[in-house]
Amino acid sequence: MTFPKLPIQWSENGYEITEELGHGSYGSVYKLVKDKGTENEEVSALKIINWTLDNNTVRYEFTKDWDEARKSYAQRFDQMTQEVNLLESFVGMKTIVQLKGSCTEKMPELNYWKLYIQMEYLKDLMDFADECNGLTRKQIVKLGIDICNALEVCHAKNIIHRDIKPANIMVSPKGYFKLGDFGVARQQISGTMTVIGSYDFMAPEVYKGMPYDQTADIYSLGMVLYYLTNDFKLPFSEIQSSIDRINRRMNGDTEWDWKQKLSSWGIATNIKQKMSEEILYDTVMTACANDPKARYQSATAMKRDLMICMDKICTWEKRKESCEEEIKRRTLDFDCLGSSFSSLLLVFHVIVSDSCIFPHYHQELSHSINFIIFFTAFTTFDDKYIFCPFSTLK
């Protein structure tokens, strides 16, 4: 496979492209390696965005006006370069993909524009989920908290991401979930804004071309959490037509699959009394409220409930671990005790079973000893019977 030629700032400093990681309508992302095969090898990702004018585009979009076409493409390309400026402003943020370098090539006279963005090399969220054989509830909640942290920074700068979806969330080697791809992000302005983003995770007001604000990002994050928690299924996944499925959600129908699952959990009214599943459900459904005013009004508010959910999960894990340790301890205690005690019982069983020694009582005594040996193999813990095998009964 032939890879694009690198600008001098990379080609003359030991960098080379080794693999295409993905591609879209505006360009591709490649694996960029420095000092390949040495102990100092470094790996990063290189996003290359291409804008090229051709005869058909100019003929049909600009009625053969090349000057107007070049001017329009130059403006579009300048808007795309804002991703670099945004990433530069997020340097040091653990939950936002980090910029490592950039380069632009503008050749309007040759009808092409190129943007190179070098970023840290991370794992795609869905690839990570496949490797883990699905995400645990704890991982999903952590993802929610991490992306809320990213949105806090974005919204503080009055920036709306506008395209939060699984494909734009990455995972670092240290376990951070990171928000990336700020190519369609923009500063919030008054009035309506462009309908842009992925329909499956898009807020209703964005889809309908109505004014929207940062709560559109909160809705999209809620949809991501729903998708990950609901076995990678979106609302109304049973409907085959994607248009009908999206329209049903956009029209405010909230009878989603997950609501049926919740009915068996026993809903509490106080958040401190609720189980982690209930808190996560409430958080997702609040984030995905059809009315923007009914949603969390900030990423901080959403993160607060997710942290309560995380606390519940961690508390449950500690109790489970403590329970398992206690079971192991009791099992070992009975194992040691049984190796001597049950041996004595078995010897006694052999003796009483001998009709020559106890000709009249051997049958009754034998049944009694059998019962004692079997019964001592059990103990109780938290009102549950736990089998603790003796070494002589294994």
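Rules and cut-offs
Residues numbered from 1 in each chain as written. Predicted model: local features only at pLDDT ≥ 70, side-chain atom pairs only at ≥ 80, totals over all residues. Heavy atoms only, no water. Helix = DSSP H or I, 4+ residues; strand = E, 2+ residues; numbered from the N terminus. Buried < 20%, exposed > 50% of the residue type's maximum accessible area, 1.4 Å probe, protein only. Contact = heavy atoms within 4.5 Å. Areas by Shrake-Rupley, 256 points an atom, 1.4 Å probe, with all protein chains shown as cover. Expected span 1.5 Å × (residues − 1). Core = buried A, V, L, I, M, F, W, Y, C linked by side-chain atoms within 4.5 Å. Phe/Tyr/Trp six-rings, centres within 6.5 Å; stacked < 30°, edge-to-face > 60°. Salt bridge = Lys/Arg side-chain N within 4 Å of Asp/Glu carboxyl O. Pairing = 2+ DSSP bridges.

(A) Quick look at the overall build of the chain. A tally of helices and strands in the chain yields 13 helices and 12 strands. Sorting the 394 residues of the chain into buried and exposed places 41% on the buried side. Sequence-distant contacts, at least 24 apart, represent 58% of the contacts inside the chain between residues at least 6 apart. Total accessible area on the chain stands at roughly 21800 Å², and carbon and sulfur atoms take up 52% of it.

(B) Region of the structure containing helix 6 (residues 137–156). Between its first and last C-alpha, helix 6 extends 28 Å over 20 residues, near the 28 Å set by a 1.5 Å rise per residue. Positive backbone phi, approximately 65 degrees, marks asparagine 158, located one or two places after helix 6.

(C) Fine view of the nonpolar core. Counting residues in hydrophobic clusters, the biggest one holds 79 residues, and the most contacted among them are Leu143 and Met302. Not counting residues within four places of it along the chain, the set of residues in contact with methionine 302 comprises Cys148, Ile218, Leu221, Gly222, Leu225, Thr283, Ala287 and Tyr296. Of all hydrophobic cores here, the second largest spans 10 residues; its members include Leu6, Tyr15, Tyr30 and Ile48.

(D) Highlighting the packing of aromatic side chains. The tally for this structure, following the rule as stated, stands at nine aromatic pairs. Judged by centre distance (6.1 Å) and plane angle (80 degrees), the ring pair of phenylalanine 128 and phenylalanine 177 falls under edge-to-face. With phenylalanine 128 in helix 5 (residues 125–131) and phenylalanine 177 in strand 9 (residues 177–179), this residue pair connects regions lying 49 residues apart in the sequence. Across the pair, exposure class does not vary: phenylalanine 128 and phenylalanine 177 are buried alike. Taken together, the ring pairs in this structure connect Trp51, Phe62, Tyr73 and Trp113 into an aromatic cluster.

(E) A look at the environment of leucine 179. Locating leucine 179 in the fold gives a position in strand 9. Between the C-alpha atom of leucine 179 and that of aspartate 146, which follows or precedes it by 33 residues, the distance is 8.6 Å. Aside from chain neighbours lying at most four places away, what touches leucine 179 is Thr95, Ile96, Val97, Ile147, Ala150, Leu151, His161, Ile164 and Asn168.

(F) Here's a closer look at the pattern of salt bridges. Applying the stated rule across the entire model yields 12 salt bridges. Among the ionic pairs, glutamate 120 bridges to lysine 178, the shortest N-O distance being 2.7 Å. Taken as a pair, glutamate 120 in strand 5 (residues 112–120) and lysine 178 in strand 9 lie far apart in primary sequence, 58 residues in all. Take lysine 178: its relative accessible area is 6%, and that puts it in the buried class.

(G) Quick look at the sheet that holds strand 8 (residues 169–171). Strand order in the open sheet formed by three strands is 6-8-9, with antiparallel pairing between adjacent strands. What marks the edges here is a single partner per strand, and that holds for strand 6 (123–124) and strand 9. Strand direction decides the pairing type here: strand 6 and strand 8, joined by two bridges, are antiparallel. Looking at strand 8, one finds that aspartate 124 is bridged to methionine 170.

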